[in-house]
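# Results of the structural survey
Here's the letter readout for the chains.
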Amino acid sequence: EIHSVPEQDNWTARERLTLLSKVEKLSGTIGACERIHQTVVPLNYARHALRSLTMWLLSLPFALVKDTKLMTGPILFVISWMLFGVYEIGYSIEDPFQGTLRSSILCDA
């Protein structure tokens with residue numbers, strides 16, 4: 001259906017071919033985005049990563065208290081905040097479109 005673009009006086013053959021190549025490239029890119037969007041990260045992986053991080057952070061104060069004494073709480077808070085932040089960023093990266101990729105709208109237009 002793309003190749004059925006009518007010949008018109010205001011389109012040269014070169015412009016028509018350029019337009020068709022751009023549309024084909026756009027179609028390929030949308031297909032690649034769809035594949036990324038539909039690739040699911042296994043739930044067991046996400047759960048295991050979060051549980052491992054939590055267990056490590058729960059055992060960290062026992063290793064730090066001997067050297068840092070009263071500063072253990074604030075240090076643990078900062079480390080936990082940073083690592084859980086990295087975990088959340090990783091979770092967001094796993095779904096880069098966050099449910100916003102609606103190629104059906106583009107295809108129907």
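Turning our attention to the overall build of the protein chain. Assigned secondary structure in the protein chain consists of four helices and zero strands. For the protein chain, buried positions account for 14% of its 109 residues. Long-range contacts, defined here as pairs at least 24 residues apart, represent 53% of the contacts in the protein chain between residues at least 6 apart. Summed over all atoms, the accessible surface of the protein chain reaches about 9100 Å², with 66% contributed by carbon and sulfur.

This prediction gives the protein chain a mean pLDDT of 84; 79% of its residues lie at or above 70. Confidence, read as mean pLDDT per element, is least for helix α4 (residues 103–108) in the protein chain (62) and greatest for helix α2 (residues 43–68) (94).

Once that is clear, we can look at the nonpolar core. Judged by nonpolar contacts, Ala-46, Leu-53, Leu-57, Leu-60, Leu-64, Leu-76 and Tyr-87 together constitute the single largest core of seven residues. Of all the secondary structure elements, the ones that give two or more residues to this core are α2 and α3 (72–94). A per-element tally of this core places α2 first, with five residues.

Further remarks concern a nonpolar patch on the surface. Taken together, the side chains of Phe-77, Val-78, Trp-81 and Met-82 define a hydrophobic patch exposed on the protein surface, amounting to about 490 Å² of accessible area. Of note, Val-78 is situated in helix α3.

We now examine the environment of Leu-50. Turning to its location among the elements, Leu-50 is positioned in helix α2. When its relative accessible area of 34% is taken as the criterion, Leu-50 is described as partly exposed. Taking the C-alpha atoms as reference, Leu-50 lies 7.7 Å from Tyr-87; in sequence the two are 37 residues apart. With near-sequence residues (within four places) excluded, Leu-50 lies in contact with Phe-84 and Tyr-87.

Now for unusual backbone geometry. It is generally the case that most residues other than glycine have a negative phi and that most peptide bonds are trans. Residues other than glycine seldom take positive phi values, yet Lys-69 does so here, at roughly 50 degrees. One can find Lys-69 in the loop between α2 and α3.

On to the packing of α2 against α3, then. Where α2 meets α3, the closest approach of the two axes is 10 Å, and the angle between their N-to-C directions is 165 degrees. Relative to α3, the element α2 is oriented roughly antiparallel. For the pair α2 and α3, the crossing hand works out as right-handed. Here the residues of the contact of α2 with α3 sort into 17 nonpolar, four polar and one charged.

What counts, and at which threshold
Along each chain, numbering runs from 1 in the same order as the chain's sequence is written. Local features in this predicted model are restricted to residues of pLDDT 70 or higher, and side-chain atom pairs are both shown and tallied only at a pLDDT of 80 or more, whereas totals for entire chains, interfaces and linings draw on every residue. Side-chain measures were taken over the full set of non-hydrogen atoms in the model, leaving aside hydrogen atoms and water. Comment: elements are numbered from the N terminus, with helices defined as DSSP H or I runs of at least four residues and strands as E runs of at least two. Each residue is placed in one exposure class: buried if its accessible area under a 1.4 Å probe, protein chains only, is under 20% of its type's maximum, exposed if it is over 50%, and partly exposed if it falls in between. Only heavy atoms enter the contact rule, under which two residues are in contact if any of them lie within 4.5 Å. To be clear on the numbers: accessible area is Shrake-Rupley with a 1.4 Å probe, and residue cover counts the displayed protein chains and nothing else. Looking at any residue, its pLDDT shows the predictor's confidence there, from 0 to 100. As used in this record, nonpolar core signifies buried Ala, Val, Leu, Ile, Met, Phe, Trp, Tyr and Cys residues forming a set joined through side-chain atoms within 4.5 Å. Patch membership needs two things, relative accessible area over 30% and no salt bridge, and members are linked within 9 Å if like-charged or within 5 Å if nonpolar (Val, Leu, Ile, Met, Phe, Trp, Tyr). Each reported salt bridge corresponds to a side-chain nitrogen of Lys or Arg within 4 Å of a carboxyl oxygen of Asp or Glu. Only the stretch in contact is used when a helix axis is fitted, and all axes are lines through C-alpha atoms; the angle between N-to-C directions ranges over 0 to 180 degrees. Angles below 35 degrees are treated as roughly parallel, those above 145 as roughly antiparallel, those between 65 and 115 as roughly perpendicular, and all remaining angles as oblique. Put simply, a crossing is left-handed when the front helix is turned counterclockwise from the back one by less than a right angle, and right-handed when it is turned clockwise. Under the scheme applied, nonpolar residues are Ala, Val, Leu, Ile, Met, Phe, Trp, Tyr, Cys and Pro; charged residues are Asp, Glu, Lys and Arg; polar residues are all the others, including Gly.

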